[in-house]
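# Summary of the model geometry
Read off the chains here:
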Amino acid sequence: MLTFYDFNCGALVKREGLMTPEGLGALSDATVWIDLFDPSPEEDKHVEKALGIEIPTRAEAREIEASSRLYTENGAHYMTTYIMYGLEQANPASSNITFILSGNRLITVRYCEPKAFPFFLQRVERGEARCTSGPAIMIGLVETLLHRKADLIERIQDDVDRMAQSLFNLNGTRSAKPSVNFGDVLKGTGRGADIIARAQESAVSIDRALTFFTSAVRDRVDEADLPERIDAARRDNTSLMEHMKFLQGRTNFLLDATLGMINTEQNQIIKLFSVMAVMLMPPTLIASIYGMNFKHIPELEFQFGYPMALCMMALSGVIPFIYFRRKGWL
């Protein structure tokens, strides 16, 4: 889908990318942003013909080399970043977005629908974001992406806090130890670690794009505060990266602690089985003795021999149990 945005009286006017025999009928001198969402080959060709640039394909946008993600060609600056979207979901998705600065226009090529785009348009409507040029729109989009990522990190931190409280019983109560499903804790910790890892990858990608963006707009004189906004976005991104490193260390600690507690619980179970086996050895010995088929057994004619044997087996099991409890082995 192809969408044009024209700058008019401090706002963005949305226009659908209508195709005409001559090319793009909606393109005008006021167009500052061209949004290509899951574009067709025909739409790519029309934009390339109208602007004299190359639109990278989906496969090209997935290249991980820096030279394939950040480069200048035919006077246009290309910046491909790795972003996360669907942040409200338990497992956010990820994709690549290519920003192309061609003169005063911004071209975005994307194959996902991050909420940062409509949120940015809402900021423009409220007058909270400038949209006078393509670079101004790009830094506004990046700022919105960083704000959304901060919300994701806050959610992950809350999840980590809940898992830590559940695992270590940090609510300050003296009640009995709550039952903890270590499988759920492991899954939650692993999911959080995966999200943090992908968020870190996204932060590194955005930081590289912002560095390239700074050099791309260095010679622009129409927006003097643009480098300052880029520097502020880089500082925000750096602070998020530092916080993600802290969360990564904490999730690794929770993972190690959970595995250690699972190992301790398994050892307790093995110890219990071992103690029970020792406790049952005396009753087994007594039962073996009185189960022998010999004619001359002293208690063979004793009237209370059977109850006596049962009592002896019970006592031989209870006495070790009491002893082990006092020693703290159970």
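I will try to describe carefully the structure that is included in this document. From a predicted model like this one, the values you see are computed outputs, not experimental measurements. (Residues numbered from 1 in each chain as written. Predicted model: local features only at pLDDT ≥ 70, side-chain atom pairs only at ≥ 80, totals over all residues. Heavy atoms only, no water.)

## Considering the pattern of salt bridges
Applying the stated criterion across every chain yields a total of 7 salt bridges. Notably, a salt bridge pairs Arg110 with Asp35, separated by 2.6 Å at the nearest N-O pair. Taken together, the residues Arg110 in strand β9 (residues 105-110) and Asp35 in strand β5 (residues 31-37) connect sequence positions 75 residues apart. With respect to burial, Arg110 and Asp35 carry one shared label: buried. For Asp207, the salt bridge goes to Arg234, with nearest N and O atoms at 3.5 Å. Placement of Asp207 in helix α6 (residues 182-216) and of Arg234 in helix α7 (residues 226-290) is noted, with a sequence separation of 27 residues between them. A residue is classified by how much of its surface remains accessible, and Asp207, at 18% relative accessible area, is buried. Residues joined by salt bridges that share partners form a network here, namely Arg123, Glu143 and Arg229. (Salt bridge = Lys/Arg side-chain N within 4 Å of Asp/Glu carboxyl O. Helix = DSSP H or I, 4+ residues; strand = E, 2+ residues; numbered from the N terminus. Buried < 20%, exposed > 50% of the residue type's maximum accessible area, 1.4 Å probe, protein only.)

## Description of the side chain of Arg198
Mapped onto the secondary structure, Arg198 falls in helix α6. On the basis of relative accessible area, Arg198 is assigned to the buried category, the value being 13%. Setting aside residues no more than four positions away along its own chain, Arg198 makes contact with Tyr82, Met84, Asn91, Pro92, Ala93 and Ser94. (Contact = heavy atoms within 4.5 Å.)

## Some words on the packing of helix α5 (residues 134-168) against α7
For any two helices packed against each other, one specifies the crossing angle of their axes together with the interaxial distance. Running from N to C, α5 and α7 cross one another at 20°; their axes reach a closest spacing of 10 Å. Judged on the interaxial angle alone, α7 and α5 are roughly parallel. Once α5 is placed against α7, the crossing between them reads as left-handed. Counted by class, the contact of α5 with α7 contains 22 nonpolar, 6 polar and 6 charged residues. (Axes fitted to C-alpha atoms, helices over the stretch in contact; angles between N-to-C directions. Parallel < 35°, antiparallel > 145°, perpendicular 65-115°, else oblique. Left-handed = near helix turned anticlockwise from the far one by under 90°. Nonpolar A, V, L, I, M, F, W, Y, C, P; charged D, E, K, R; others polar.)

## A closer look at a nonpolar patch on the surface
The grouping of Leu285, Ile289, Tyr290, Met292 and Met312 at the surface amounts to a nonpolar patch, some 430 Å² of accessible area in total. In terms of residues, the nonpolar patch owes the most to one element, α7, which gives 3 residues. Along the polypeptide, Met292 turns up in the loop between α7 and α8 (305-327). (Patch = residues over 30% accessible without salt bridge, like charges linked within 9 Å, V, L, I, M, F, W, Y side chains within 5 Å. Areas by Shrake-Rupley, 256 points an atom, 1.4 Å probe, with all protein chains shown as cover.)

## Topic: the sheet that holds strand β1 (residues 2-8)
Spatial strand order, β2-β1-β5-β9-β8-β7-β6: 7 strands in an open sheet with mixed pairing. With partners counted over all chains shown, the strands left at the sheet margins are β2 (11-16) and β6 (70-73), one partner each. Going across the sheet, the axis of each strand differs from the next one's by a mean of 20°, ignoring polarity. Examined bridge by bridge, strand β8 (residues 93-102) and β9 share 6 bridges and lie antiparallel to one another. When the sheet's bridge partners are listed, Leu101 is paired in β9 with Leu106. Here helix α4 (residues 116-125) sits on the sheet and contacts β1, β2, β5, β8 and β9; the angle it forms with β5, its principal contact strand, is near 160°. Running over the sheet, α6 touches β6, β7 (76-85) and β8 and is turned about 160° from β7. (Pairing = 2+ DSSP bridges.)

## Quick notes on unusual backbone geometry
Here Asp38, not a glycine, exhibits a phi torsion of approximately 45°, which is positive. For Asp38, the position within the fold is in the loop between β5 and α1 (41-51). Unusually for a residue other than glycine, Asn74 sits at a positive phi of about 55°. As for its placement among the helices and strands, Asn74 is situated in the loop between β6 and β7.

## Details of a negative patch on the surface
On the surface, Glu54, Glu60, Glu63, Glu65 and Glu73 cluster together to form a negatively charged patch. If you trace the backbone, Glu65 turns up in the loop between α2 (58-61) and α3 (66-69). On the basis of relative accessibility, which here comes to 38%, the residue Glu65 falls in the partly exposed class. (Lys, Arg positive; Asp, Glu negative; His and termini not counted. Charge placed at Lys NZ, Arg CZ, Asp CG, Glu CD.)

## Topic: the nonpolar core
Core analysis: the largest hydrophobic core is formed by 55 residues, its most contacted members being Leu12, Trp33, Met79, Ile137 and Phe213. Among the elements of the structure, β5, β7, β8, α4, α5, α6 and α7 are those that each provide at least two residues to this core. Setting aside chain neighbours within four positions, we find Met79 in contact with Arg69, Leu70, Ile97, Thr98, Phe99, Leu101, Met138, Ala209, Phe212 and Phe213. Judged by nonpolar contacts, the second largest core, of 14 residues, contains Ile34, Leu36, Ala76 and Ile100. (Core = buried A, V, L, I, M, F, W, Y, C linked by side-chain atoms within 4.5 Å.)

## What to know about the packing of aromatic side chains
Here the structure, examined in full by the defined rule, presents 4 aromatic pairs. Taking the centre distance of 4.5 Å and the plane angle of 20° together, the rings of Tyr5 and Trp33 count as stacked. Of this pair, Tyr5 sits in strand β1 while Trp33 sits in strand β5; the two residues are 28 residues apart in sequence, bridging distant segments of the chain. Comparing Tyr5 with Trp33, the two get one shared label, buried. Measuring from ring centre to ring centre gives 5.9 Å for Trp33 and Phe117, while their planes differ by 40°; the resulting arrangement is tilted. In this pair, Trp33 is assigned in strand β5 and Phe117 in helix α4, connecting sequence segments 84 residues apart. For Phe117, a relative accessible area of 3% gives the class buried. An aromatic cluster is built from Tyr5, Trp33, Phe117 and Phe120, whose rings are joined through pairwise contacts. Above the face of the Phe117 ring, Arg110 is positioned so that its terminal group lies 4.4 Å from the ring centre. (Phe/Tyr/Trp six-rings, centres within 6.5 Å; stacked < 30°, edge-to-face > 60°. Lys NZ or Arg CZ within 6 Å of the ring centre and 35° of its normal.)

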